[in-house]
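Topology and contacts: notes
As a plain string of letters, each chain reads:
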Amino acid sequence: MGAGREVSISLDGVRDKNVMQLKKLNSVLFPVRYNDKYYSDALASGDFTKLAYYSDICVGAIACRLEKKEGGVVCVYIMTLGVLAPYRGLGIGTKLLNHVLDLCSKQNVPEIYLHVQTNNEDAINFYKKFGFEITETIQNYYTNITPPDCYVVKKFVTQTKK
């Protein structure tokens, strides 16, 4: 990139007409295939699932599922967050995660969590920068990848005062 050239990173919602972009990204980014429920959950989450564009090229995404806990409290589960390798380190993952954290705060969602493979140091360190903490280890969570164990990584969200 030339010095001083501003490249725009923009986010866009996932809808029926562009869900194939999310499917393509996932096939490249992750070692597992996602089923139809994953995509219906992602679409149902509304603004909690976003595609990221770098100069109009789709290079990343965050896909969340809204879950009801006891007492009707809604929390957010990050199903996937990924950015294509050549575009990492440019703030795209940060923009995606901050978008969801801001939404959680504004919509009074108290908790956000995800599962991370125990050897995925990059992801663990990324989430820790945002105040996430490892709260538990689940043995044999994954069936077709090694290692099969994962950490539950969680953050309690500070609510925006109304």
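As the structure is a computational prediction, the values presented were derived from the model and not from experiment.

**A closer look at the packing of helix α1 (residues 19-29) against helix α2 (residues 36-44)**
- Their axes nearest at 11 Å, the elements α1 and α2 cross at an angle of 130°. Considering their axes alone, α1 and α2 lie oblique with respect to each other. Here the hand of the crossing between α1 and α2 comes out right-handed. Here V19, L22, K23 and N26 of α1 lie close against α2, whose contacting residues are Y38, Y39, A42 and L43.
- For the contact of α1 with α2, a count of residues per class yields 6 nonpolar, 1 polar and 1 charged.

**Some details on the layout of surface pockets**
- There is about 1,200 Å³ of room inside the largest pocket.
- For the largest pocket, the lining is made up of 41 residues, of which F30, M79, T80, L81 and N120 are closest to its centre.
- Put simply, the parts of the chain that give the lining of the largest pocket at least two residues each are α2, β4 (74-83), α3 (92-106), β5 (111-117) and α4 (121-129).
- Looking at the lining of the largest pocket, the element that brings in the most residues is β4, giving 7 residues.
- Each residue belonging to the lining of the largest pocket can be placed in one class, and the counts come to 22 nonpolar, 12 polar and 7 charged.

Rules behind the numbers
Residues numbered from 1 in each chain as written. Predicted model: local features only at pLDDT ≥ 70, side-chain atom pairs only at ≥ 80, totals over all residues. Heavy atoms only, no water. Axes fitted to C-alpha atoms, helices over the stretch in contact; angles between N-to-C directions. Helix = DSSP H or I, 4+ residues; strand = E, 2+ residues; numbered from the N terminus. Parallel < 35°, antiparallel > 145°, perpendicular 65-115°, else oblique. Left-handed = near helix turned anticlockwise from the far one by under 90°. Contact = heavy atoms within 4.5 Å. Nonpolar A, V, L, I, M, F, W, Y, C, P; charged D, E, K, R; others polar. 1 Å grid on protein atoms, 1.4 Å probe; cavity = no way out; pocket = protein on both sides within 12 Å on 5 of 7 lines; lining within 4 Å. Points joined across faces, edges and corners; volume = space filled by probe spheres on them.

No statement about biological role is implied by the geometric values presented.
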